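# Structure assessment
Residues per chain are reported as follows:
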Amino acid sequence: VAVVTVDTFCLHLAGSFGKPTVLMDGPTMARSVARHYRDVTACPAECSECHGCYYEPSRGFNHECRRAGCKVIDSMTPAAVVSTLERKIPCARSSA
């Protein structure tokens, strides 16, 4: 079983149990959090204009982010997530 998440709570829970995890970028910086766990891989986002706002205005967060959605999460393609998951767990294969 693998975990795919954008939420760091799920990451910390899965990481503490040693579950293979794919962490998607979003309001937190996936690579900086993923490095604390042996079996967590960060899935890269296509959006380069913002990363790691942590919902703080001083880091670029604004209320449009809540209304329209996180540009970073929305820039991640299903293909990128599947590809990262397939690299993480060799027995996982997409049926698409």
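Fair warning: this is a prediction, and the values are worked out from it, not measured in the lab.

Calculation notes
- Residues numbered from 1 in each chain as written.
- Predicted model: local features only at pLDDT ≥ 70, side-chain atom pairs only at ≥ 80, totals over all residues.
- Heavy atoms only, no water.
- Helix = DSSP H or I, 4+ residues; strand = E, 2+ residues; numbered from the N terminus.
- Buried < 20%, exposed > 50% of the residue type's maximum accessible area, 1.4 Å probe, protein only.
- pLDDT = per-residue confidence, 0-100.
- Pairing = 2+ DSSP bridges.
- Axes fitted to C-alpha atoms, helices over the stretch in contact; angles between N-to-C directions.
- Contact = heavy atoms within 4.5 Å.

What follows concerns unusual backbone geometry. Even without glycine at this site, Tyr54 takes up a positive phi of about 50°. Looking at the element boundaries, Tyr54 is found in the loop between β3 (40-43) and α3 (63-68). What makes Tyr54 partly exposed here is its relative accessible area of 31%. Even without being glycine, Tyr55 reaches a positive phi, approximately 60°. Mapped onto the secondary structure, Tyr55 falls in the loop between β3 and α3. A relative accessible area of 41% means that Tyr55 is categorised as partly exposed.

Okay, the confidence of the model for the protein chain next. Mean pLDDT over the protein chain works out to 84, with 94% of the residues at or above the 70 mark. Within the protein chain, the lowest mean pLDDT, 80, falls on helix α2 (residues 30-34), and the highest, 90, falls on strand β1 (residues 3-5).

What links the strands of a sheet is backbone hydrogen bonding, and the strands pair in either a parallel or an antiparallel sense. As summarised here, the arrangement of the three strands in space is β1-β2-β3, forming an open sheet in which the pairing is parallel. Two strands close off the open sheet at either side, each with one partner strand: β1 and β3. Put simply, the sheet's adjacent strands are angled 20° from each other on average, direction ignored. Packed onto the sheet, helix α5 (residues 78-88) meets β1, β2 (21-24) and β3 and runs at close to 155° relative to β3.

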